[in-house]
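# Secondary and tertiary structure notes
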Amino acid sequence: SQTIHQWPATLVQPVGSPLSLECTVEGTSNPNLYWYRQAAGRGLQLLFYSVGIGQISSEVPQNLSASRPQDRQFILSSKKLLLSDSGFYLCAWSLETGVPGANVLTFGAGSRLTVL
Amino acid sequence: QKEVEQDPGPLSVPEGAIVSLNCTYSNSAFQYFMWYRQYSRKGPELLMYTYSSGNKEDGRFTAQVDKSSKYISLFIRDSQPSDSATYLCAMKGFTGGGNKLTFGTGTQLKVEL
């Protein structure tokens, strides 16, 4: 079965410090990978998605970047955190199969980032 | 106007009640509709997935889609305290484009004893 791991679960960082959140998927090959941010009252905002190694699409201009160094690894980074980067970050994966019902998103447990 | 509108609640009901959660959308290209349940400080988990207009039932949960009205609902029968969570609707167009979903803001539900 497929599993998704995301870490760290909780992070408190000062403004201006760097960030690295990691996500790995097990039990599948060539998944689509996603980073979402969830803020109170604003729902889930798609930040980045990737359909393959080295292929990153950015949905929202911001202080963050993403990388996919391996097929099942997705990393969210920042060189200098802002207060507004605080939030709940969720990694997710799906498969592109063309079959309805087979390509839904499965989420990780999330990483809660507080920037002080 | 947001593509997907969802009443944020909070919605508080007694145990055993029937709960109705709703979303409206404006993009007629949306063809796949999902409901996710999210417990506090956890990632969302898929509850229901529907494609066609009409009803789909899974245990105590029924998902309803009305594409002509651009309206979807999730019904929970015999609600339990364990159903207390935030419920997110999500939708997308046809496959391709990385399977990007558009989410509602979520409805917070509390089922009380």
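Structural notes, computed from the coordinates. Quick caveat: nothing in here was measured; it's all calculated off a predicted structure.

The next thing to look at is the environment of Gly108 of chain A. Positionally, Gly108 of chain A belongs in the loop between β10 (106-107) and β11 (111-115). Look at Gly108 of chain A and you get buried, because its relative accessible area is 4%. Separated by 94 residues in sequence, Gly108 of chain A and Pro14 of chain A place their C-alpha atoms 25 Å apart. Residues contacting Gly108 of chain A, with those up to four places away along its chain left out, are Ile4, Gln6, Leu90 and Cys91 of chain A together with Gly43 of chain B.

Attention now goes to the state of the cysteines. If you walk through the whole model with that rule in mind, you get two disulfides over all chains. Sulfur-sulfur distance for the disulfide between Cys23 of chain A and Cys91 of chain A comes to 2.0 Å. Classification of the bridge connecting Cys23 of chain A and Cys91 of chain A rests on its S-S torsion, roughly -75 degrees, and on that basis the disulfide is left-handed. Taken together, the residues span a long stretch of sequence, with Cys23 of chain A in strand β3 (residues 19-26) and Cys91 of chain A in strand β9 (residues 87-94) at a distance of 68 residues. The same class applies to Cys23 of chain A and to Cys91 of chain A, which are both buried. The partner cysteine of Cys23 of chain B in its disulfide is Cys89 of chain B, sulfur to sulfur 2.0 Å. Disulfide Cys23 of chain B-Cys89 of chain B: torsion about the S-S bond near -100 degrees, hence left-handed. In this pair, Cys23 of chain B sits in strand β3 (residues 19-25) while Cys89 of chain B sits in strand β9 (residues 85-92), placing the two residues 66 residues apart along the sequence. Each of the two residues, Cys23 of chain B as well as Cys89 of chain B, counts as buried.

Judged by nonpolar contacts, the single largest core of 24 residues is most densely connected at Trp35, Ile72, Leu74, Tyr87 and Met91 of chain B. Those elements that provide at least two residues to this core are β3, β4 (32-38), β5 (45-50), β7 (61-66), β8 (71-76), β9 and β11 (107-112) of chain B. Not counting chain neighbours up to four residues away, the residues in contact with Met91 of chain B comprise Val4, Tyr25, Phe30, Tyr32, Phe33, Met34, Ile72, Lys100, Leu101 and Thr102 of chain B. With 20 residues, the next largest nonpolar core counts Leu21, Leu47, Leu81 and Val115 of chain A among its residues.

For the rest of this paragraph, the subject is the pattern of salt bridges. Enumeration over the complete set of coordinates arrives at five salt bridges over all chains. Here Asp85 of chain A makes a salt bridge to Arg37 of chain A, at a shortest N to O gap of 3.9 Å. Of this pair, Asp85 of chain A sits in the loop between β8 (73-78) and β9 while Arg37 of chain A sits in strand β4 (residues 32-39); the two residues are 48 residues apart in sequence, bridging distant segments of the chain. The two residues Asp85 of chain A and Arg37 of chain A agree in class, both being buried. The partner of Arg37 of chain B in a salt bridge is Glu45 of chain B, with the nearest N and O atoms 3.1 Å apart.

Take the packing of aromatic side chains next. Taken as a whole and assessed by the stated rule, the structure comprises 12 aromatic pairs over all chains. Judged by centre distance (5.5 Å) and plane angle (85 degrees), the ring pair of Tyr36 of chain A and Phe103 of chain B falls under edge-to-face. Of this pair, Tyr36 of chain A sits in strand β4 while Phe103 of chain B sits in strand β10 (residues 102-103), which puts the two residues in different chains. Among the aromatic side chains, those forming a connected cluster through ring pairs are Tyr34, Tyr36, Tyr49 and Phe107 of chain A together with Tyr36 and Phe103 of chain B. Its end group placed over the ring of Tyr51 of chain B, Lys67 of chain B keeps NZ or CZ at 4.8 Å from the ring centre.

Parameters at a glance
Positions within a chain are numbered from 1, following the residues in the order the chain's sequence is written. Key to labels: chains lettered from A, ligands numbered from 1, both in the order written. Since the coordinates come from a predicted model, pLDDT governs what is reported: local features require at least 70, and pairs of side-chain atoms require 80 or more to be given and counted, while whole-chain, interface and lining totals use all residues. With hydrogens and water excluded, all non-hydrogen atoms of the structure serve as input to the side-chain values. For helices the rule is a DSSP run of H or I covering at least 4 residues; for strands it is a run of E covering at least 2, with both sets numbered from the N terminus onward. Per-residue accessibility, obtained with a 1.4 Å probe over protein chains only, is compared with the maximum for each type, and a residue is labelled buried under 20%, exposed over 50%, and partly exposed between these values. Two residues form a contact once any of their heavy atoms are found within 4.5 Å. What counts as a disulfide here is a pair of cysteine sulfur atoms lying within 2.5 Å. Here, nonpolar core refers to any group of buried Ala, Val, Leu, Ile, Met, Phe, Trp, Tyr and Cys residues whose side-chain atoms link them within 4.5 Å. The salt bridge criterion pairs a side-chain nitrogen of Lys or Arg with a carboxyl oxygen of Asp or Glu, the two atoms within 4 Å. Centres within 6.5 Å are what make two rings of Phe, Tyr or Trp a pair, Trp counting through its six-membered ring; a difference in plane orientation under 30 degrees is then read as stacked, over 60 as edge-to-face, and the rest as tilted. Whether a charge lies above a ring is judged from NZ of Lys or CZ of Arg, which has to be within 6 Å of the ring centre and within 35 degrees of the ring normal.

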